[in-house]
Amino acid sequence: MSFRKIRPTFDGGASTSTPNQSTPKGITGTDPRRQRGDKEGEGTNSTSKRRRVPDSVTRNACLNCKKARAKCDGKKPCKRCASRVETSECIYEVHIKHAKEELVKQINELKARDHLTEQILQALSTDERVPEILERLKNGETYEGIVEWLGRSSIEDLEALSPRTSQHSTIETSDHEMGGISSAFKWTTVTTDSAVLDHLFQLYFAWVHPVHTLFSEGHFVDSYKRQLETYCSPMLVNALCAMACHLHSVADADEVDFERLGDKFSDAVRQEIDPEDRSVTTIQAFAVMFLVDCSYGRGLRATSYLQVATKSLSSLAYKEIDGFAEVWEDTVRGIQNLNIEWALVTFQVPINVQDTPHAFKEHDTKLDNARWYFYRYVNDQCPAWPSLLATTNREKSKLIRIIQEVSVMLYTQQGPLLSARRILQQYNKFVAWREDLPSIIGDIEQNSCQVLPHVLSLLILYYSAVVQLLRPLLDFDGFPTALVEDVIWNHAQQGLHLLDDHYRTQYTCRYQPVLQMFAVLHLTDLIARFFPGGKDGGKDGPEAIQLGMDILMQSRAGFPVAGPLQEMLRRTAQQCSIRLPRNLGDTLTPSPPPKQIYRMDDLIDACTRPTYCQPVEDIHVRYLPSFSADWSSEGASFGFLGSISGGSKLRVQSTEERGAQSLMQIHNLLNTN
């Protein structure tokens with residue numbers, strides 16, 4: 001191996017050595033800096049031919065020093081160029097790293113100024129102190145000072161807000177090459193395309209995180225950008241991306257197959273699973289993987305992921321570090337909500353998760369004011385509104401506690417029989433929750449603000465839960481169903497109204513939460529079975545079936561579970577003798593026929609049971625013998641004012657009646673043709 005020759009530098013015969021730099025006695029060997037051909041021992045006098053080393057060395061050498069591969073002191077001109085007869089000028093090029101740092105600095109300054117300007121403009125449009133604001137602007141007061149005076153979000157809070165500040169990159173992976181952090185660090189090995197990762201993160205934080213808040217977004221983003229595994233991990237990043245791939249809308253210009261990419265992200269999570277790992281990010285990743293497998297229609301395996309996440313919470317040690325309290329609360333509540341929502345749609349007793357008391361905190365106001373962006377695809381010019389995330393999550397926790405009580409009451413096989421008063425009391429809790437909702441999320445018809453999708457999902461969850469509480473009464477022998485018809489009908493119609501006239505109209509159901517699809521089935525099923533001809537306006541049975549099919553078709557573009565759910569709804573329509581629409585082929589996969597695609601094990605895996613229907617017979621046997629009489633005497637005080645004269649107007653058709661009605665429909669169809 002040859003060493004490069006270093007040309008000696010002379011400075012009027014002066015020695016480059018100093019007493020402090022002399023070679024210690026007893027040390028022998030060849031000086032690697034000596035010019036090739038010098039004899040051993042020469043060059044120890046004052047005319048040493050060693051290369052001169054500048055007192056200070058810069059990482060960005062001038063072009064001449066770079067060419068000679070010599071050290072440079074960074075001056076203009078540098079010492080080497082000044083002491084030599086150079087034919088070229090001492091010129092410095094801007095280092096690419098420094099250029100990036102300067103560019104990022106300018107971008108951050110512009111973002112901060114834009115943030116302050118937006119805060120002031122919002123205050124001018126809504127605040128009563130407009131004259132004072134204008135006066136401060138005229139006096140030349142800084143934007144930051146005005147924003148601080150207004151009590152609004154300052155520059156320091158900018159990073160804590162949602163990272164979706166524009167349609168551009170929100171979690172800037174290009175920054176990982178800066179600040180002395182190794183650019184070799186990668187959160188995932190599935191893809192190195194920062195644009196793809198940014199797109200997936202924005203989809204997740206727009207459509208999944210506001211509904212299922214399993215971690216603190218601010219702490220996750222901070223750890224992600226700083227490459228710290230405090231509140232971020234490769235397993236969690238892969239899980240988020242796997243879930244977000246279901247939300248990508250396929251376009252002809254796509255260069256990436258997001259369906260295959262989602263499979264790779266899921267495989268990466270499974271490869272990284274460590275049974276001994278009880279970190280908070282691993283628990284969060286298991287919870288997200290529950291949603292991923294639910295989206296695929298793998299409900300049985302999804303349940304296992306959720307169970308692992310839930311059981312691991314008990315062994316998670318509380319840490320006295322910055323931000324852990326907030327992360328802990330979000331994770332525990334998020335997993336608790338998932339357990340109870342899953343128990344609601346699969347008719348099970350939920351796993352008990354230790355609750356964490358929530359007190360109103362200062363960061364809740366900031367979280368409510370943080371912007372929610374209507375993001376769907378790359379370069380989407382998405383509008384934004386205050387997220388109201390803290391308020392929505394706080395009210396959801398209250399609703400979830402009521403749902404937990406109902407699920408335990410209805411589906412526990414042991415314990416006392418169910419009295420009418422217990423059912424009425426639970427209904428009263430639901431009604432009180434709805435009446436106490438803050439108007440900003442409760443009065444959606446009168447509120448001029450944009451109704452956000454996670455707020456709609458919260459209200460849909462409420463109507464679906466009330467219907468599930470009262471649904472067994474409609475075919476309970478001897479029960480005066482006329483007492484409950486109006487209440488059940490109104491709640492079911494309100495739920496369908498939110499799905500059709502709000503969620504589907506404003507956002508499409510392409511991005512709806514996967515567990516919300518079960519609410520679509522339950523509300524549609526109720527109308528088809530018990531109100532096929534309609535009642536006082538609203539949707540009748542055929543219209544409800546058509547709506548359910550259309551909603552699931554939109555979701556099916558990214559969520560495979562919608563396929564078997566559609567098939568189950570199709571079978572329900574046939575059981576209820578509801579004529580399916582002629583354009584059903586546009587709603588279901590045309591070839592081969594759906595009944596040949598989905599077998600029983602597909603249906604079981606979608607919802608862990610052979611059917612999505614509530615096991616009402618198991619509930620009926622747990623009613624007290626005096627249940628109907630007690631309801632008749634106590635129901636009026638809880639708002640059930642229907643008359644029992646003339647008996648119930650509802651009657652489920654027998655198999656023979658449904659068969660006769662089907663024959664009549666076939667006969668009419670043949671006559672029409």
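Residues numbered from 1 in each chain as written. Predicted model: local features only at pLDDT ≥ 70, side-chain atom pairs only at ≥ 80, totals over all residues. Heavy atoms only, no water.

Structural notes on the overall build of the protein
Working step 1: On a plain count of helices and strands, the protein comes out with 27 helices and 2 strands.
Working step 2: A burial count over the protein gives 48% of its 673 residues as buried.
Working step 3: In the form shown here, the protein has an accessible surface area of approximately 33800 Å², with 51% of it arising from carbon and sulfur atoms. (Helix = DSSP H or I, 4+ residues; strand = E, 2+ residues; numbered from the N terminus. Buried < 20%, exposed > 50% of the residue type's maximum accessible area, 1.4 Å probe, protein only. Areas by Shrake-Rupley, 256 points an atom, 1.4 Å probe, with all protein chains shown as cover.)

Re the pattern of salt bridges
Working step 1: Overall, the coordinates contain 20 salt bridges when judged by the stated rule.
Working step 2: A salt bridge links R226 to D222; its shortest N-O distance comes to 3.1 Å. Linking R226 with D222, this pair stays in helix α7 (residues 217-226), spanning 4 residues, or about one helical turn.
Working step 3: Assessed through its relative accessible area of 49%, R226 is described here as partly exposed.
Working step 4: Exposure remark for D222: the relative accessible area of 34% places this residue in the partly exposed category.
Working step 5: The salt bridge involving D267 is made with R270; its shortest N-O contact spans 3.2 Å. With D267 and R270 both in helix α9 (residues 258-272), this residue pair falls 3 residues apart, about one helical turn.
Working step 6: Residue class for R270 comes out partly exposed when judged on its relative accessible area of 27%.
Working step 7: Taken together, the salt bridges that share partners define one network made up of D500, R504, K539 and D550. (Salt bridge = Lys/Arg side-chain N within 4 Å of Asp/Glu carboxyl O.)

What to know about the packing of aromatic side chains
Working step 1: On inspection of all chains with the given rule, the structure shows 35 aromatic pairs.
Working step 2: Aromatic side chains Y427 and F640 sit 4.8 Å apart centroid to centroid with 50° between the ring planes, which places their arrangement in the tilted category. Here F640 lies in the loop between α26 (627-634) and α27 (655-672) and Y427 lies in helix α15 (residues 420-435), a separation of 213 residues in the sequence. Side by side, Y427 and F640 carry an identical accessibility label, which is buried.
Working step 3: The lysine or arginine in question, R298, covers the ring of Y296, its NZ or CZ lying 4.1 Å from the ring centre.
Working step 4: Lying over the aromatic face of Y511, R510 brings its terminal NZ or CZ to 5.5 Å of the ring centre. (Phe/Tyr/Trp six-rings, centres within 6.5 Å; stacked < 30°, edge-to-face > 60°. Lys NZ or Arg CZ within 6 Å of the ring centre and 35° of its normal.)

Some details on helix α8 (residues 234-244)
Working step 1: Taken across its 11 residues, α8 has 10 buried, putting it largely inside the fold.
Working step 2: Buried within α8 are the following residues: M235, L236, V237, N238, A239, L240, C241, A242, M243 and A244.
Working step 3: For α8, the elements touching its buried residues are α6 (194-207), α7, α9 and α10 (280-296). (Contact = heavy atoms within 4.5 Å.)

What to know about the nonpolar core
Working step 1: Among the nonpolar cores identified, the biggest contains 161 residues, and Y204, W207, F220, F430, L470 and W631 are the most heavily contacted of them.
Working step 2: Sorting elements by how many residues they give to this core places helix α17 (residues 453-470) first, with 13 residues.
Working step 3: Beyond its immediate sequence surroundings of up to four residues, W631 is in contact with A420, I423, L424, L470, L473, F479, L483, V484 and F640. (Core = buried A, V, L, I, M, F, W, Y, C linked by side-chain atoms within 4.5 Å.)

Regarding the state of the cysteines
Working step 1: Inspection of every chain in the model, using the stated rule, returns 0 disulfides.
Working step 2: A disulfide-free cysteine, C62 has its sulfur positioned 3.5 Å from the sulfur of C65, the nearest such atom.
Working step 3: The thiol of C576 is not disulfide-bonded; the next cysteine sulfur, from C613, is found 8.5 Å away. (Disulfide = S-S within 2.5 Å.)

Some thoughts on helix α12 (residues 324-346)
Working step 1: In this model, α12 (23 residues) spans 33 Å end to end at C-alpha, consistent with the 33 Å of a helix rising 1.5 Å per residue.
Working step 2: Two residues or fewer past α12, F347 is found with a positive phi of approximately 60°. (Expected span 1.5 Å × (residues − 1).)

So, the environment of Q506
Working step 1: For Q506, the location among the structural elements is in helix α18 (residues 485-506).
Working step 2: Sequence separation of Q506 and Q450 is 56 residues, and the distance between their C-alpha atoms is 9.5 Å.
Working step 3: When near neighbours in sequence (up to four residues on either side) are disregarded, Q506 contacts F374, Q450 and V451.

Brief notes about the packing of α6 against α9
Working step 1: It is the contact of α6 with α9, at a shortest axis distance of 13 Å, that shows an interaxial angle of 85°. In terms of orientation, α6 and α9 fall into the roughly perpendicular class. Contacts between α6 and α9 involve V196, L197, H199 and L200 from the former and F258, L261 and F265 from the latter. (Axes fitted to C-alpha atoms, helices over the stretch in contact; angles between N-to-C directions. Parallel < 35°, antiparallel > 145°, perpendicular 65-115°, else oblique.)

Here's the deal with the packing of helix α20 (residues 541-556) against helix α21 (residues 562-575)
Working step 1: Where α20 meets α21, the closest approach of the two axes is 9 Å, and the angle between their N-to-C directions is 165°. If you check the angle between α20 and α21, you find them roughly antiparallel. The hand of the α20/α21 crossing is left-handed. Side by side, α20 and α21 meet where I545, G548, M549, L552, M553, S555 and R556 of the first sit next to A562, G563, L565, Q566, L569, R570 and A573 of the second. (Left-handed = near helix turned anticlockwise from the far one by under 90°.)

Brief notes about the confidence of the model for the protein
Working step 1: With 77% of its residues at a pLDDT of at least 70, the protein reaches an overall mean of 80.
Working step 2: Ranking the helices and strands of the protein by mean pLDDT puts α17 first, with 97, and α27 last, with 49.
Working step 3: Confidence drops under a pLDDT of 50 for residues 589-596, and excluding neighbours within four residues, the segment shows 10 contacts in the predicted structure.
Working step 4: Within the model, pLDDT remains below 50 along residues 668-673, and this stretch shows 2 contacts once partners closer than five positions in the same chain are excluded. (pLDDT = per-residue confidence, 0-100.)

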